[in-house]
2 protein chains.
Amino acid sequence: MKKAIILSYSKEAEIFKALSHPTRLFIVHKLKEKDICVCELTAMIGDDISTVSKHLSVLKTAGIADSTRKKNQIIYRLKMRCVIDMSLCINRKRKAAL
Amino acid sequence: MKKAIILSYSKEAEIFKALSHPTRLFIVHKLKEKDICVCELTAMIGDDISTVSKHLSVLKTAGIADSTRKKNQIIYRLKMRCVIDMSLCINRKRKAAL
DNA sequence: TGGCTATTTGGTAAAATAGCCAATATGAAG
DNA sequence: CTTCATATTGGCTATTTTACCAAATAGCCA
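What you see as residue numbers is a count from 1 along each chain, following the sequence as written. Naming scheme: in the order in which they are written, chains are lettered from A and ligands are numbered from 1. Totals for whole chains, interfaces and linings use all residues, but because this is a predicted model, local features are given only for residues with pLDDT of at least 70 and pairs of side-chain atoms are given and counted only at 80 or more. Excluding hydrogens and water, the side-chain figures rest on all heavy atoms present in the structure.

Novice: I would appreciate a short explanation of the sheet that holds strand β2 (residues 65–70) of chain B in the present structure.
Specialist: Sheet strands pair via backbone hydrogen bonds, and the direction of the pair is either parallel or antiparallel. Residues and elements named next belong to chain B. If you walk across this open sheet you meet the 3 strands as β1-β3-β2, and the pairing is antiparallel. Looking at the sheet topology across the chains shown, the edges are occupied by β1 (36–37) and β2. Paired strands, in this sense, are two strands between which DSSP finds at least two bridges. Strands here mean DSSP runs of E at least two residues long; helices mean DSSP runs of H or I at least four residues long; both are numbered from the N terminus. The sheet contact formed by β2 and strand β3 (residues 73–78) spans 6 bridges and is antiparallel. Opposite Ser67, over in β3, you have Tyr76 as the bridge partner. Contact criterion: two residues are considered in contact whenever any of their non-hydrogen atoms come within 4.5 Å of each other. In this description, a line fitted to the C-alpha atoms serves as the axis of each element, helices being fitted only across the stretch in contact, and the angle between N-to-C directions of two axes falls anywhere from 0 to 180 degrees. Against the sheet, helix α3 (residues 22–31) touches β1, β2 and β3, its axis set at about 85° to β3. On the sheet, helix α5 (residues 49–61) packs against β2 and β3 and is oriented at approximately 120° with respect to β2.

Novice: What's the story with the state of the cysteines in this structure? I'm lost.
Specialist: Covalent bonding between the sulfur atoms of two cysteines defines a disulfide. Whenever a pair of cysteine sulfur atoms sits within 2.5 Å, that pair is classed as a disulfide. According to the stated counting rule, one finds 2 disulfides over all chains in the structure shown. Bridging Cys82 of chain A to Cys89 of chain B, the disulfide has an S-S length of 1.8 Å. Between Cys82 of chain A and Cys89 of chain B, the S-S dihedral sits near 65°, and the bridge is therefore right-handed. With Cys82 of chain A in the loop between β3 (73–78) and α6 (83–96) and Cys89 of chain B in helix α6 (residues 83–96), the pair connects residues from two separate chains. Summarising the burial analysis for this pair, Cys82 of chain A and Cys89 of chain B share the class buried. Whether a residue is buried, partly exposed or exposed follows from its accessible area with a 1.4 Å probe, protein chains only, as a fraction of its type maximum: under 20%, in between, or over 50%, in that order.

Novice: Sorry if this is basic, but what is going on with the relation of the copies chain A and chain B here?
Specialist: In this structure, two copies of a chain are linked by a rotation about an axis accompanied by a shift along it. It takes a turn of 180° to lay chain A on chain B, together with a shift of 0.0 Å along the axis; the resulting RMSD is 0.1 Å. Interpreted geometrically, this transformation is the action of a two-fold axis. A share of 97% of interface residues in chain A that are also interface residues in chain B marks the association as one of identical surfaces. Least squares is the method used to superpose the copies, on C-alpha atoms of residues holding a pLDDT of at least 70 in both.

Novice: How should I be thinking about unusual backbone geometry in this particular structure?
Specialist: A negative phi angle is the norm for most residues apart from glycine, just as the trans form is the norm for most peptide bonds. Look at Lys71 of chain A: it is not a glycine, yet its phi comes out positive at around 60°. In this structure Lys71 of chain A comes out as exposed when scored by relative accessible area, which is 78%.

See the structure below:
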């Protein structure tokens, strides 16, 4: 059984895990500009729509995005906008490292 | 073959992935206070030293930590300190959600 | 209602990750 | 040089993740 002090980081880890896939990061960066439906994201990404849907589900479960229905489309929205700051932080570091 | 625009997020994704494990987050939060050797981290975590060493290797490869030798210990240091800001951002959100 | 569009869910195979033990390195100290 | 302490690497298995296809679901509209 894992120590409680370690387990206390599980929720935070889940959020980082949701951001740990290139496709999901791409989605986050698109959503920072505007709300987008699954179909449009799928067209941009080029994966099967079921794959994209599952990525979106991961982001939603982690609390990073949420969704609403509009006619027969599901529109996703970036809920945790501070992930953009994380991105900036990382890329600032990456450029500084050159 | 994945689209280039998606692949361009791979490096950023790697950093988030490195932070996506409770044990590694624990390590990061300890390292923000002071530099620590593998043996001390291992004692705090309770996993096999080889497991801890591999976690540290992930953090190092991602550019989040680095290490120096001191006598026969390897001392790890938090290199990308802005991951602390990410943590704050996430936990601020989490508390706001209650 | 029935068909249409958009999305999610289930199933599955391949790949990646985690964690343990054993084996190997690497420097320290006698 | 030998032994000790510290850390890393290799090998293995169990678990998780990813991505596809097929099937099911949900709302819209004739």
